[in-house]
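Each chain, letter by letter, is given below.
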Amino acid sequence: MNGLSVSRKVYADISARVSVALSASGESRTEAMRMVDSYLAGQEVSSDDALAMLAFNMIRDELDRVMARSRRARERAAGRRRAVAEAAAEVSDEQPEAPVEIHVSRRERRARERKMGKKCGAPAGQSDVLHATVPWFRRNVKKVG
């Protein structure tokens with residue numbers, strides 16, 4: 001099966017169907033699978049075994065459809081690979097811009113932190129309101145003073 005023009009799933013399905021159809025004759029089953037392999041490889045198919053020829057001729061049209069479908073799928077995949085390669089080539093041709101580094105002074109960082117309430121977990125001015133409205137907090141806080 002290696003290197004044939006159909007998927008493993010399709011090949012397994014065809015192999016199972018031939019095996020079931022020719023289960024009474026092991027030689028015919030082997031000959032039919034040899035014919036399928038040859039046909040998928042693009043070689044001329046002929047045999048002296050009448051049962052194997054009958055089984056092969058029953059699935060020949062399906063093999064043709066499967067081979068055409070697989071060929072179209074490979075062409076689409078090749079087109080996608082080409083498109084990705086072209087896009088990657090275009091991106092690599094462009095010069096990347098150097099990242100702009102913005103330096104913020106310590107005073108500005110601290111002012112932002114106070115504004116956002118980063119250190120106390122709430123926006124500035126709301127931490128006192130929050131604690132004053134929680135009953136358990138008012139009971140358990142000692143007044144300083």
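Reading the values: rules and limits
- Residues numbered from 1 in each chain as written.
- Predicted model: local features only at pLDDT ≥ 70, side-chain atom pairs only at ≥ 80, totals over all residues.
- Heavy atoms only, no water.
- Phe/Tyr/Trp six-rings, centres within 6.5 Å; stacked < 30°, edge-to-face > 60°.
- Helix = DSSP H or I, 4+ residues; strand = E, 2+ residues; numbered from the N terminus.
- Buried < 20%, exposed > 50% of the residue type's maximum accessible area, 1.4 Å probe, protein only.
- Polar contact = N/O pair within 3.5 Å; in protein donor to acceptor, adjacent residues only side chain to side chain.
- Salt bridge = Lys/Arg side-chain N within 4 Å of Asp/Glu carboxyl O.
- Contact = heavy atoms within 4.5 Å.
- Expected span 1.5 Å × (residues − 1).
- Core = buried A, V, L, I, M, F, W, Y, C linked by side-chain atoms within 4.5 Å.
- Arc of directions from axis to C-beta.

Novice: Residues and numbers for the packing of aromatic side chains, please.
Specialist: Scanning the model with the defined rule gives one aromatic pair in all. Aromatic side chains Tyr 39 and Phe 56 sit 5.4 Å apart centroid to centroid with 75 degrees between the ring planes, which places their arrangement in the edge-to-face category. Taken together, the residues Tyr 39 in helix H2 (residues 26-40) and Phe 56 in helix H3 (residues 50-93) connect sequence positions 17 residues apart. Here Tyr 39 and Phe 56 have matching classes, each one buried.

Novice: Run through the environment of Ser 7, naming residues and quoting values.
Specialist: Inspection of the secondary structure assignment puts Ser 7 in the segment before helix H1 (8-21). Residues Ser 7 and Val 66, spaced 59 residues apart in sequence, show a C-alpha to C-alpha distance of 8.8 Å. A polar side-chain atom of Ser 7 sits 3.2 Å from the main-chain amide nitrogen of Val 10.

Novice: Could you give an account of the pattern of salt bridges, with specific residues and numbers?
Specialist: On inspection of all chains with the given rule, the structure shows three salt bridges. Between Glu 31 and Arg 34 there is a salt bridge, with its nearest N and O atoms 2.5 Å apart. Taken together, the residues Glu 31 and Arg 34, both in helix H2 and three residues apart, mark about one turn of the helix. The exposure class of Arg 34 is partly exposed, given its relative accessible area of 36%. When salt bridges with common partners are traced through the structure, they connect Asp 13, Arg 17 and Glu 62 into a single cluster.

Novice: For the side chain of Ser 70, give the residues involved together with the corresponding values.
Specialist: Structurally, Ser 70 can be placed in helix H3. Classification of Ser 70 by relative accessible area gives buried; the value is 14%. Non-local contacts of Ser 70, meaning those with residues more than four positions away in its chain, are made with Ser 5, Val 6 and Ser 7.

Novice: How would you explain H2 if you had to name every residue and give the values?
Specialist: Between its terminal C-alpha atoms H2 stretches 21 Å, which fits the 21 Å expected from 15 residues at 1.5 Å a residue. Within H2, the full set of buried residues consists of Ser 28, Glu 31, Ala 32, Met 33, Met 35, Val 36, Ser 38, Tyr 39 and Leu 40. Two residues or fewer after H2 comes Gly 42, characterised by a positive phi angle close to 90 degrees.

Novice: How would you explain the nonpolar core if you had to name every residue and give the values?
Specialist: Of all hydrophobic cores here, the largest spans 21 residues; its most connected members are Val 6, Ile 14, Val 18, Val 36, Leu 40, Phe 56 and Leu 63. Counting only elements with at least two residues in this core, the list comes to H1, H2 and H3. Looking at this core element by element, the count peaks at seven residues for H3. Residues contacting Leu 63, with those up to four places away along its chain left out, are Ile 14, Val 36, Tyr 39, Leu 40 and Phe 56.

Novice: Describe H1, and please don't skip the residues or the numbers.
Specialist: Since the α-helix packs 3.6 residues into each turn, any two residues three or four apart lie on the same face. The end-to-end C-alpha distance of H1, which contains 14 residues, comes to 20 Å, matching closely the 20 Å that a straight helix rising 1.5 Å per residue would cover. Those residues of H1 that sit buried are Val 10, Tyr 11, Ile 14 and Val 18. Projected down its long axis, H1 carries its buried residues within an arc of 100 degrees, all on one side. Turned more than 90 degrees away from the buried face of H1 sit Arg 8, Lys 9 and Val 20, all of them exposed.

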